[in-house]
Every structure is written in C-alpha cells, then in structure tokens.
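So you can see what is in the structure, the chains are spelled out below.
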Amino acid sequence: MISGRTVVRVRIVSTVPPPSDPPASSRRQWETLREHTEQPTPIPADRSRVNLIHYGLAQPFLGLRTLLRSPELLGMALAPMFLVMAIALVAAYFAGQERGFWAGVASYFVTIAALAPVPPLILARVYASLAAKARPVLGLSPAEPYVRGWVQLGGEWLAQLLILALGVLPLTVLLGIVPWVGAFYALCIQGAWALHWIVVEGYDNSRTLPPGQTVEEIEALGQGRPGIPWFHRWAANVGQRSGPWKLLGPLVMLSEVVTSLARPWRAEVDLTEDEPWISLGFGLGIAIMLAIPGLNLALRPAVVVAGVHLRYRLLEENPAPSPTPRETTQPYPTVPPA
C-alpha cells in the first residue's frame, strides 16, 4: 500500500523580457524636449543623435518663450509685424474701395504673404539689436549689435538666392531625368540643401559683436578660415584628377562659384558641419515655426533669440570636433563665439 502522495510542483519561468512601454518612452522624450524649451540649458551630456536633435528642435520654442517673458524683447519683436500689417491694411483699404469688402480681405492676406520674406533684409538692424538685447535675458554676457551696411546686406541676400538656385542644380537636373523616382529624389535633395541654408541663416542672424571687436575684423576672420567647405570637397578632389575627370570641369567651376558666394558664411557652414544633429533639429524647428501661415513674420524674431542661445552653447560652452576632417594642415583662427 501507498501510505502517502508526493506532489511535485513545476514552476515555469519565462526568459523573455517584458515588452517595453512605448508610451513611457515617448513621455520621457516629450519631458526632455519641454525642459529645453522652458529655460536655457546646456547641451546634453548624453550626445546621442535623438537627444541632440531634440535639443536643436527645442531652441526656436525656447526663443519664443523668452520673447513672451520679456516685454522689452517682445516689443522689438512685434515692430516688424506691425509695420507689415500697416502696409497690408493700406493695400486692403484701397482694394476694398475698388472691388468690395472681400477683395480687401483677400488683398490683406496676400500682401502679408508677399511681404513676409522682406523684413529679414529691411529690418536686419532691428534683428541685430534684438540679438544683442537677448543675451542678458538668456543669462549671457553683454555684447553689441552686429550691424552691417545696406550694401553688404543686399549683396548677401542676392548671394543666398544664387546659392540656393545653383548649389545642387546639376544633381537635381540629372535626377530629374530619371524615370519614376528621379523627381522625388531631386526634390528631397533640394529640400535638404534649403534646410541647410535655413540653419546657416539662423546662425548668421544671431551674430553679436564682442567688446573690442569690429564687424570688419569678424568678417575677415570668418572668410579667411582655411580648408574647404563640405559641399566643395568633391569638386576639389575632381579638379586635381586628370583624364576623363576633366569632363566634369564645368561642374567644378560651378561649385567654385557657389563656394565663393558662400564665403561670408564659412563660420556658420563649418558650425553646421561640426554639429549636424543639433543643426538638423534646429532647422526642423525653424521650418515648423516659419511654416505657420500668417504667423511666420511674428515668429521670426523667436528664431533670432534661439540662434543667440544655440550659437553661444555650440561655440563657447561645448564645442565638438568636426566629424569630417577638413582638408587643411593649418589650425583654424579663433572666431569669437558671440
């Protein structure tokens, strides 16, 4: 006879890790992004691509929050918008007198859309003063406005138009003739090229003048930087080759023209190359902010303030080595980080 019963319990332990919590991860990323927009913060110690993109993306919204918190900066920021609105109201009044009320309303919005790109040129000195005034509000050392002459501003405006039009023209033309997907890839490349120069312009508009420096000295240091900008290196390599490579001579010449036009922004181009992920986030933030119809003019000063903070962080607090060595054996001259 069996007097007892033995019970064996088997416990099965799963070795499969529990699924991650996507909402919690997204929530953490959102909290990090919000922290960067609430107040000026240094570049994250964790320099992962996602963190750096988030940091750059937050800067335009930090600039907007800074404007809203400072009555002095807000008054300077709204001046361009009031000027354009006044011109649009005058145009709407005359259009309404001639063609009726709704024609006047349409004329008002059309005028605002047409004049939106103009203030960066006409009101460049206002934005320069805004950048200088924003430094103490951001907790940075005081500096003077980086005021450039009207002839120089007009020349730089024309140079940027030519750079945008010619920079990747040969590549987009070649891709455009490829069936099916060529036009799409050409549009993507043109968009990336435009985004790059949006970032360069954002860094450029945030310049301020350090004490004891002049605009001419800063311009000379920037344009005299040795090395080759990233978008011209292929042409420099091709230009040194012989044989069939000589057939690319016209493209090399076009690249040299673009590089010559881009000389005023060498420091900003190099900065974009040094920090590609922060610059990508910064460009996306600018694009989001300036793409809002009817508000892009009012939000443009926020980009100026954001550029002041970001330029300081990149050039003074946490400079990073270039991921792509520039083709030069000479050290870079010191460019004041303001």
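Remember, it's a predicted structure, so these values are computed and weren't measured experimentally. (Residues numbered from 1 in each chain as written. Predicted model: local features only at pLDDT ≥ 70, side-chain atom pairs only at ≥ 80, totals over all residues. Heavy atoms only, no water.)

## Focus: the overall build of the protein chain
Link 1 in the chain: The number of helices and strands found in the protein chain is 15 helices and 2 strands.
Link 2 in the chain: Looking at the protein chain residue by residue over its 338 residues, the buried ones come to 41%.
Link 3 in the chain: Considering only contacts within the protein chain whose residues lie at least 6 apart along the sequence, 76% involve residues at least 24 apart.
Link 4 in the chain: Surface exposure of the protein chain reaches about 19200 Å², of which carbon and sulfur atoms provide 66%. (Helix = DSSP H or I, 4+ residues; strand = E, 2+ residues; numbered from the N terminus. Buried < 20%, exposed > 50% of the residue type's maximum accessible area, 1.4 Å probe, protein only. Contact = heavy atoms within 4.5 Å. Areas by Shrake-Rupley, 256 points an atom, 1.4 Å probe, with all protein chains shown as cover.)

## Focus: the nonpolar core
Link 1 in the chain: In terms of nonpolar packing, the biggest core is built from 30 residues, with Leu67, Leu130, Tyr203, Ile278, Phe282, Leu310 and Leu314 touching the most fellow members.
Link 2 in the chain: For this core, the secondary-structure elements that each account for two or more residues are helix H2 (49-69), helix H3 (71-99), helix H6 (124-137), helix H9 (182-205), helix H14 (276-290) and helix H15 (296-317).
Link 3 in the chain: If one sorts the elements of this core by residue count, H15 sits on top with 10 residues.
Link 4 in the chain: In this structure, Ala159, Trp197, Val200 and Val258 belong to the second largest nonpolar core, which totals 11 residues. (Core = buried A, V, L, I, M, F, W, Y, C linked by side-chain atoms within 4.5 Å.)

## Some points on a nonpolar patch on the surface
Link 1 in the chain: Residues Leu174, Ile177, Val178, Trp180, Val181, Phe184 and Tyr185 make up a contiguous nonpolar surface patch of roughly 860 Å² in combined accessible area.
Link 2 in the chain: With respect to the element layout, tryptophan 180 can be found in the loop between helix H8 (169-176) and H9. (Patch = residues over 30% accessible without salt bridge, like charges linked within 9 Å, V, L, I, M, F, W, Y side chains within 5 Å. Salt bridge = Lys/Arg side-chain N within 4 Å of Asp/Glu carboxyl O.)

## Digging into the environment of valine 84
Link 1 in the chain: With respect to the helices, strands and loops of the structure, valine 84 is situated in helix H3.
Link 2 in the chain: With 30 residues separating them along the chain, valine 84 and alanine 114 place their C-alpha atoms 9.9 Å apart.

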